[in-house]
Amino acid sequence: MEILETNFSEKLPEIVEAIDRASFVAIDQEFTGLFRENTFSNPYSSIGAHFNRMQKSVDGYIVIQLGITAFWLNPENDSKFQCKSFNIFLYPRGKGSTFRCESSCIEFLVKNGLDFNKLFLQGLSYCTVQEAEKMRSYLEKRQQEKREQLMSAERDNTSHVIVPEEEKETLEEVSEKIDEFLKSEEEELLLDTYNGFQRRLIYEMIERDYFEAISACPRELENNRKGLVVSRKKSPEEEMKLLEEKFEQEKKNLELQIGVTHILKALSESRTLIVCHNMFMDLVYLMKQFIGPLPENVDEYKKLVHEFFPNILDTKFLCTAESLKKEIKSTVLPHILEDCRKAPFTMPEVESLGEQKYSIESVKEHEAGYDSFITGICFISLAIYLKIHPKDLNANCKKLKSFKNKIFLMGLENITHMNLTGPDEKPSRSHVFHITFPSTWKNTDIVRHFRNFGDVQIKWLNKESAFVALLKREYATCLMKKIGRTPNVTVMTHADYEASQVQEMSAGNKRKSSEMARGEVDETSSKKAKKFDENPDWK
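Residues numbered from 1 in each chain as written. Predicted model: local features only at pLDDT ≥ 70, side-chain atom pairs only at ≥ 80, totals over all residues. Heavy atoms only, no water.

### Regarding the pairing of strand 8 (residues 273-276)
Thought 1: Side-chain alternation along strand 8 places Leu273 and Val275 on one buried face and Ile274 and Cys276 on a second face that is also buried.
Thought 2: In this sheet, strand 8 lies alongside strand 2 (residues 24-31) in parallel orientation, the contact comprising three bridges. Note on strand 8: the bridge partner recorded for Ala26 is Val275.
Thought 3: One ladder, built from three bridges, connects strand 8 with strand 9 (residues 312-314); its direction is parallel. Across the sheet, residue Ile274 finds its bridge partner in strand 9, namely Ile312. (Buried < 20%, exposed > 50% of the residue type's maximum accessible area, 1.4 Å probe, protein only. Helix = DSSP H or I, 4+ residues; strand = E, 2+ residues; numbered from the N terminus. Pairing = 2+ DSSP bridges.)

### Here's the deal with the sheet that holds strand 6 (residues 214-220)
Thought 1: What the three strands build is an open sheet, ordered 5-7-6; its pairing is antiparallel. Two strands lie at the open edges of the sheet, namely strand 5 (188-191) and strand 6, each paired on one side alone. If you compare each strand with its neighbour and ignore which way they point, the axes differ by 25° on average.
Thought 2: By the bridge criterion, four bridges tie strand 5 to strand 7 (residues 226-232) in an arrangement that is antiparallel. Counted as the bridge partner of Leu191 is Leu228 from strand 7.
Thought 3: Contacts from helix 6 (residues 168-183) reach strand 5, strand 6 and strand 7 within the one sheet, and its direction differs from that of strand 5 by about 160°.
Thought 4: Relative to strand 7, helix 7 (residues 196-209) is tilted by about 15°, and along the sheet it contacts strand 5, strand 6 and strand 7. (Axes fitted to C-alpha atoms, helices over the stretch in contact; angles between N-to-C directions. Contact = heavy atoms within 4.5 Å.)

### Thoughts on the environment of Leu66
Thought 1: Looking at where Leu66 falls in the secondary structure, it is placed in strand 3 (residues 63-74).
Thought 2: When its relative accessible area of 2% is taken as the criterion, Leu66 is described as buried.
Thought 3: In this structure, the C-alpha to C-alpha distance between Leu66 and Ile3, residues 63 residues apart in sequence, is 9.6 Å.
Thought 4: Not counting chain neighbours up to four residues away, the residues in contact with Leu66 comprise Asp28, Gln29, Phe86, Asn87, Ile88, Leu90, Val260, Leu264 and Ala368.

### A few points about the layout of surface pockets
Thought 1: Taken as a whole, the second largest pocket holds about 930 Å³ of empty space.
Thought 2: For the lining of the second largest pocket, the secondary structure elements donating two or more residues are strand 2, helix 2 (47-57), helix 3 (103-111), helix 10 (280-290), helix 14 (333-340) and helix 15 (368-385).
Thought 3: A class-by-class count of the residues in the lining of the second largest pocket yields 21 nonpolar, six polar and eight charged. (1 Å grid on protein atoms, 1.4 Å probe; cavity = no way out; pocket = protein on both sides within 12 Å on 5 of 7 lines; lining within 4 Å. Points joined across faces, edges and corners; volume = space filled by probe spheres on them. Nonpolar A, V, L, I, M, F, W, Y, C, P; charged D, E, K, R; others polar.)

### Considerations on the packing of aromatic side chains
Thought 1: According to the stated counting rule, one finds 18 aromatic pairs in the structure shown.
Thought 2: Taking 4.9 Å as the distance between ring centres and 80° as the angle between the ring planes, the aromatic pair formed by Phe24 and Phe379 counts as edge-to-face. Of this pair, Phe24 sits in strand 2 while Phe379 sits in helix 15; the two residues are 355 residues apart in sequence, bridging distant segments of the chain. Pair check on accessibility: Phe24 and Phe379 agree, each one buried.
Thought 3: Taken together, a centroid distance of 4.0 Å and an interplanar angle of 10° make the contact between Phe31 and Tyr285 stacked. You can see Phe31 sitting in strand 2 and its partner Tyr285 sitting in helix 10, a full 254 residues away along the chain. One exposure class covers both Phe31 and Tyr285, and it is buried.
Thought 4: In this structure an aromatic cluster arises from ring pairing among Phe24, Phe71, Phe81 and Phe379.
Thought 5: Residue placement shows Arg100 over the ring face of Tyr61; its charged tip is 4.2 Å from the ring centre. (Phe/Tyr/Trp six-rings, centres within 6.5 Å; stacked < 30°, edge-to-face > 60°. Lys NZ or Arg CZ within 6 Å of the ring centre and 35° of its normal.)

### A few points about the nonpolar core
Thought 1: Of all hydrophobic cores here, the largest spans 68 residues; its most connected members are Ile88, Val260, Tyr301, Phe309, Ile312 and Met418.
Thought 2: Sort the elements by how many residues they give to this core and helix 10 lands first, with eight residues.
Thought 3: With residues up to four places along the chain from it excluded, the contact list for Ile88 reads Ile3, Ile64, Gln65, Leu66, Ile68, Leu124, Val260 and Ile263.
Thought 4: Counting residues in each nonpolar core, the second largest holds 38 residues, with Phe317, Ile328, Cys340 and Phe403 among its members. (Core = buried A, V, L, I, M, F, W, Y, C linked by side-chain atoms within 4.5 Å.)

### Focus: the pattern of salt bridges
Thought 1: Inspection of the entire model under this criterion finds 22 salt bridges.
Thought 2: A salt bridge links Asp299 to Lys302; the nearest nitrogen and oxygen atoms lie 3.8 Å apart. Placement of both Asp299 and Lys302 in helix 11 (residues 298-308) is noted, with a separation of three residues, approximately one turn of the helix.
Thought 3: Given the relative accessible area of 49%, Asp299 is considered partly exposed.
Thought 4: Residues joined in a network through salt bridges with shared partners are Glu10, Lys11, Glu14, Lys84 and Glu355. (Salt bridge = Lys/Arg side-chain N within 4 Å of Asp/Glu carboxyl O.)

### Describing the confidence of the model for the protein chain
Close inspection of predicted coordinates is inappropriate for parts of the model with low pLDDT.
Thought 1: Of all residues in the protein chain, 90% have pLDDT values of 70 or greater, and the mean over the chain is 86.
Thought 2: Low pLDDT, under 50, characterises residues 519-539; the predicted model gives this stretch 43 contacts beyond four residues in sequence or across chains. (pLDDT = per-residue confidence, 0-100.)

This is how it looks when you write it as structure tokens:
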């Protein structure tokens, strides 16, 4: 089922009901960009350093499609499943919203059928969970102030802005229209040719000059335009009724603006098992977009993820199970599906419900809703192979305990996963060295430079640097003292190299913080803080 701005309010209860009912929920995402070239360039990196590089590489890219498929046992047969899939388009609204795109990624999504017209015109808004709570609190406070103001029949001039010189003529014209309206027998006056700031000025003028005579409320017009409706003041009871109707519309507008964040909050509060394939990057995107700026410390990040999603399972890590490794030829999701459709695996019986019924026979790869459906199908099949009964596929399954909350990591030597609920693997890197050299060097030049220390393994970073790992680790302790010196060549231990990277990143963060303190960088947060103040329809 496609979820857009046009049907979100109607479908949200159905999505939440499916999540609450689910034995597990499979998710998938599509992004505007993936990563920079050097994200996986350090195979000897620690998990913390790898996380910091990933966080930096995804900065500015966003999730534009979120796929959710909720699976639960068939009420009539506990060896079968039913499911509902939701393919959700996400698009940041507001003048201050910006994001980055990777051209190859966008081209790839277009070739795979993503409708960008639908995304830009009907994509759902979102914000962080903390921003949502702040916006609700602000709106509730303003509404309460308005109630008290109406009951006390006092004007509220506390938040009025100074009228710019260029807007005074506009207010004079509106004042003339209101005066003519008051002399007429018309029931209401529609003001529909003014922008948001002008509407705010009109609200405040009415409150200042026509407080006892008229009231104004917003009205949604065609083509997504907004207007103001002016009417004569009624009895206090009637005025309160109109005010509450206005408040109800404001709440609906706010909930639509919060958008997809409702779904993420429902997923978090359900504490259900969240299943995703190769989800390290998915989690970084998800947490950054819906929780806010991520901590630099990887342990703090793990704690944050686990508090928000207490039960996570990565199907790519599940495939590292000894009994599965010999049967799964490739851990790319479509390849896993191919294997699961043949012996010794068994395809589960799953009845797809709802408006959008995905099927493994109708391939829609890289549509987030379809990929979440396939992820869930593969998870059930792999679990059946591991002799886990379908009725046990939930957050409390004991046979899955060793795989839960462990996120598969790609591209790191001797490190398979990040453990959200325990210590991570920390293999020794004492035998690894970082070397810089002239751009003319080849593999043979590097091997020659380390010839006195036995055979080596080389991992190139770029044309002027590489990592060199000694196969005879016992030589590592004396290498820095005995390796020969060559012009334009530097060698350092891996520990010193990582420390220099941390220092460089810390210096960059300090520069950014200093610039932000001077108001020179990133005005996004201040714009978000003003979002409701600048919208007169919420006054």
